[in-house]
Amino acid sequence: MTVVPPRGPAVQVREVRTASVPEWSTTVSHSFVPLQVVDAVENFHGRMRGRRVDDIFLSTVNASGHTVERTPRLIQNSDRLYYKLTLQIGGTAILVQDGREAVLHPGDIAIYDTGRPYTLSVDEGTDAVVIMFPQDKLELSHQQISSLTAVPLSLSTGLGQMVSPFLHQVGRNLEMLQGSAGMRIVHSTVDLVATMLTHELTRRGSSADDRRAVLMFTVHDFINRNLASHELGPEAIARASFISVGYLHSLFRARGTTVNAWIRERRLEHARRDLIDPLLAHRSIAAIAASCGFPDAAHFSKVFRSVVGVSASEYRATAGEVQSAIG
């Protein structure tokens, strides 16, 4: 489980407008991950509106022609890696990563990995919705995601035709992502992205890796829906997934983890979300722990502190701190 600093469920929408290339370079680096602007048209202008909800950053970007690069040196200086997903609203952009080049037209979606070098170029201007989230939010392996980076997921095929309008509306209504409802919408958005990517892997072929990806998505979905159950364990998961317990363990070993470790991580992550959910502020920590599968409050407190570094009560108390969404 990757630990994130406690922060409020959401911060206000922030906006930056600039005609300065250096200022734009600073804006995109502080908003996303360190990037460098290597080319820009004369009379450049850029506008970004963004909102951070928990550890997910949503933004709309409107800018004239320019190119940004994510270089190996910049990657080395990053302490956390993310995926970025772009929905092209207007104009055309070219994304290059992993030896592929994706030309993004309005309606296209593309995902890219901030842990590997990439280049994003805009010739005349762009209007896009960009979502950035920690890599551990997706329950797909890096290998599976790497087969989809810099690949345009068209509006006319797959689940993209349903996801694109939804992401467009989220981008247009950043100011509505407030409180408990806003946090749940944002986390549901990332879940929807995961569903779309899994569907795309299935649609593109039937390799063994693709079949395992679909099976793991089913397994993860069952676990997430049954976190509160005391019966949740390898036997119940294997039975519900119509596979052997041994094969289930092998699937998780291939991801570098175990079934029980993964269940614990998901329970802790759900507890962490609930602790900073304003709608659940009246619930005791013990009640939240129990609803996430930790019936022993003392055990939950010990595990939470060992992983997060602070007690659950301290984490909850600091959740009201507001951090800037841009810069």
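Note that this is a predicted model, so its numbers are computed, not measured.

This brings us to the overall build of the protein. Looking only at helices and strands, one finds 12 helices and 8 strands in the protein. Split into buried and exposed, the 327 residues of the protein put 52% on the buried side. Considering only contacts within the protein whose residues lie at least 6 apart along the sequence, 74% involve residues at least 24 apart. When the accessible surface of the protein is totalled, it reaches about 14500 Å², and 53% of it is carbon and sulfur.

Turning to the pattern of salt bridges, a few remarks are in order. Applying the stated criterion to the full structure yields 16 salt bridges. A salt bridge links Arg49 to Glu15; the shortest N-O distance between them is 3.7 Å. With a gap of 34 residues between them, Arg49 in strand S3 (residues 46-53) and Glu15 in strand S1 (residues 14-18) connect regions that are remote in the sequence. A salt bridge links Asp221 to Arg225; the nearest nitrogen and oxygen atoms lie 2.9 Å apart. Note that Asp221 and Arg225 are positioned in helix H6 (residues 208-225) at a spacing of 4 residues, about one turn of the helix. For Arg225, a relative accessible area of 56% puts it in the exposed group.

The next point concerns the confidence of the model for the protein. Residues with a pLDDT of 70 or more make up 90% of the protein, whose mean pLDDT is 85. Note on residues 1-9: pLDDT is under 50 here. Beyond four places in sequence and across chains, it has 34 contacts. Long-range and interchain partners of residues 321-327, a stretch whose pLDDT sits below 50, account for 26 contacts in this model, where long-range means more than four residues apart.

Formed by 46 residues in total, the largest nonpolar core has its most connected members in Leu58, Ile109, Phe133, Leu138, Leu197, Phe300 and Phe304. Broken down by element, the residue count for this core peaks at 8 residues, all from helix H5 (residues 179-204). Leaving out residues up to four positions away in the same chain, Phe133 has contacts with Asp55, Ile56, Tyr82, Tyr83, Leu138, Val190 and Val193. If you look at the next biggest cluster of nonpolar residues, it comprises 25 residues, including Val37, Val61, Ala63 and Tyr82.

One can find Ser147 in the loop between helix H3 (142-146) and helix H4 (160-172). Through-space distance from the C-alpha of Ser147 to that of Asp98 is 8.7 Å; in sequence the pair is 49 residues apart.

Attention shifts here to the side chain of Arg266. The residue Arg266 is located in helix H9 (residues 259-275) in this model. Residue Arg266 is classed as buried on the basis of its relative accessible area, which comes to 12%. For Arg266, the residues in contact, after removing those within four places along its chain, are Glu139, Asn224, Leu227 and Arg273.

Summarising burial for strand S7 (residues 109-113): 5 of the 5 residues are buried, a large majority. Alternating residues of S7 divide into Ile109, Ile111 and Asp113 and Ala110 and Tyr112, and every residue in both groups is buried. Two strands pair when backbone bridges link them, and strand S5 (residues 82-97) and S7 are joined in this way by 5 bridges, in the antiparallel orientation. Bridged to Leu85 within S7 is Ile111.

With that settled, consider helix H8 (residues 245-254). Residues of H8 that are buried include every one of Leu248, Leu251 and Phe252, and no others. The arc that holds the buried residues of H8, viewed along the axis, is 90 degrees, so those residues lie on one side. Exposed residues on H8 whose side chains face more than 90 degrees from its buried face are Arg253 and Ala254. Phi turns positive, to about 80 degrees, at Gly256, one or two residues after H8.

Below, the discussion takes up the packing of aromatic side chains. The final tally for this structure, using the stated rule, is 8 aromatic pairs. Both rings, one in Phe252 and one in Trp262, keep their centres 6.3 Å apart while their planes meet at 65 degrees; by these two values the pair is edge-to-face. Of this pair, Phe252 sits in helix H8 while Trp262 is found in helix H9, placing the two residues 10 residues apart along the sequence. A single burial state applies to Phe252 and to Trp262, both of which are buried. Centre to centre, the rings of Phe294 and Phe300 are 5.2 Å apart; their planes meet at 55 degrees, and the pair counts as tilted.

What counts as what
- Going along each chain's sequence as written, the residues are numbered from 1 onward.
- Only residues with pLDDT of at least 70 are given local features in this predicted model, and only at 80 or more are side-chain atom pairs given and counted; all residues enter the totals for whole chains, interfaces and linings.
- Side-chain measures here rest on the full set of heavy atoms in the structure, leaving out hydrogens and waters.
- Segments assigned H or I by DSSP are reported as helices when at least four residues long, segments assigned E as strands when at least two residues long, and all are numbered from the N terminus.
- Buried residues are those whose accessible area, probed at 1.4 Å on protein chains only, stays under 20% of the maximum for their type, while exposed residues exceed 50% and partly exposed ones sit between those limits.
- Contacts are residue-level and defined by heavy atoms, with any inter-residue pair within 4.5 Å sufficient.
- To be clear on the numbers: accessible area is Shrake-Rupley with a 1.4 Å probe, and residue cover counts the displayed protein chains and nothing else.
- The term salt bridge refers to a pairing of a side-chain nitrogen on Lys or Arg with a carboxyl oxygen on Asp or Glu at a separation within 4 Å.
- Each residue gets a pLDDT score, which is the predictor's confidence in that residue and runs from 0 to 100.
- We define a nonpolar core as any set of buried Ala, Val, Leu, Ile, Met, Phe, Trp, Tyr and Cys residues linked to one another through side-chain atoms lying within 4.5 Å.
- When DSSP finds at least two bridges between two strands, those strands are taken to pair.
- The arc in question is formed by the directions pointing from the helix axis toward the C-beta atoms.
- Each pair of aromatic rings taken from Phe, Tyr and Trp, with Trp reduced to its six-membered ring, is defined by centres within 6.5 Å and is described as stacked if the planes are under 30 degrees apart, edge-to-face if over 60, and tilted in the remaining cases.

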